[in-house]
Amino acid sequence: MEPSESGIEFEKLIKENDTISLIKHHRKFDSDFSSDWKLNETETRVEIDHFKYGYNIEWIKRKSDTIIYRTYTFDIDGNFYYGHEKRELNDKLVSRGGIEIENGKLKYIRQVYPKEIEPKFKVDYYEFELFDKGKLVAIYRADHLNHYYMLTEEKNKDKIKLVYGIDLLNVKK
């Protein structure tokens, strides 16, 4: 499968490691994407879904002892497909999960915090970090609610805890 003209241009930016232009491209779908991310790794024309090809761009950011890896995946035409984030402390996995972009802005990051990684990955809890205008405004913790829509269901209100910020979901009634 050959990319469109926009996909060819996007692939050229990746091959040239044109960080500034890649940041501009990211801001087309996530207007709050900050320039303090450093380009870490790129992959071109890889399988991003079942028989669907595209590009992966991994960015890295350090926050004190924590290293954050964020991967954005694009289809073959350079359109945003999905995103993922992984956090490590002292080369050890702390959490991982998907990012949700809606209407050109980062809406939330869902992080899975493992209880155990080896021999089998076991979930301890999930955290949902909610954003507004690029700023973290709330963090909710839920033991076994792994989808954002579950946070807003009335039957789950007692299973959710606000651990930081503004109670946007009104769970503290």
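Please refer to the structure higher up on the page.
The shown structure was predicted, so the numbers you read here are calculated from the model rather than taken from an experiment.

Asks: It is not clear to me how a nonpolar patch on the surface should be interpreted in this structure. Could you clarify?
Replies: Taken together, the side chains of L136, V163 and Y164 define a hydrophobic patch exposed on the protein surface, amounting to about 230 Å² of accessible area. Within the secondary structure, Y164 sits in strand β9 (residues 160-165). Y164 sits in the partly exposed class, given a relative accessible area of 43%.

Asks: Teacher, can you tell me more about the pairing of strand β5 (residues 92-102) here?
Replies: Across a regular strand the side chains alternate sides, sitting on one face of the sheet and then on the other. Pairing between strand β4 (residues 80-89) and β5: seven bridges, direction antiparallel. Considered in β5, the bridge of K86 is made with R96. Joining the antiparallel neighbours β4 and β5 is a turn of two residues, in which N90 adopts a positive phi near 50°. With five bridges connecting them, β5 and strand β6 (residues 105-116) associate as antiparallel partners. Bridge pairing links I99 to I109 in β6. Taking the residues between adjacent antiparallel strands as the criterion, β5 and β6 are bridged by two residues, where N103 takes a positive phi near 50°.

Asks: Explain the packing of aromatic side chains here, please?
Replies: Pairs of aromatic rings are described using the distance from one ring centre to the other and the angle between the two planes. Taken as a whole and judged by the stated rule, the model has 14 aromatic pairs. Pairing F74 with F80 gives two aromatic rings, centres 6.3 Å apart and planes at 80°, and the pair type is edge-to-face. Clustering of aromatic rings is evident, with ring pairs tying together F10, F29, F33, Y55, W59, Y72, F74 and F80. The ring of Y69 has K86 lying over it, and the distance from NZ or CZ to the ring centre is 5.0 Å.

Asks: Explain the packing of helix α1 (residues 5-15) against helix α2 (residues 19-29) here, please?
Replies: What describes two packed helices is the angle between their axes and the distance between those same axes. At a minimum axis separation of 8 Å, α1 and α2 run at an interaxial angle of 135°. Comparing the axis directions of α1 and α2 gives the class oblique. The interaxial crossing formed by α1 with α2 has left-handed handedness. Contact residues: F10, L13 and I14 in α1; S21, L22 and H25 in α2.

The rules behind the values
Residues numbered from 1 in each chain as written. Predicted model: local features only at pLDDT ≥ 70, side-chain atom pairs only at ≥ 80, totals over all residues. Heavy atoms only, no water. Patch = residues over 30% accessible without salt bridge, like charges linked within 9 Å, V, L, I, M, F, W, Y side chains within 5 Å. Areas by Shrake-Rupley, 256 points an atom, 1.4 Å probe, with all protein chains shown as cover. Salt bridge = Lys/Arg side-chain N within 4 Å of Asp/Glu carboxyl O. Helix = DSSP H or I, 4+ residues; strand = E, 2+ residues; numbered from the N terminus. Buried < 20%, exposed > 50% of the residue type's maximum accessible area, 1.4 Å probe, protein only. Pairing = 2+ DSSP bridges. Phe/Tyr/Trp six-rings, centres within 6.5 Å; stacked < 30°, edge-to-face > 60°. Lys NZ or Arg CZ within 6 Å of the ring centre and 35° of its normal. Axes fitted to C-alpha atoms, helices over the stretch in contact; angles between N-to-C directions. Parallel < 35°, antiparallel > 145°, perpendicular 65-115°, else oblique. Left-handed = near helix turned anticlockwise from the far one by under 90°. Contact = heavy atoms within 4.5 Å.

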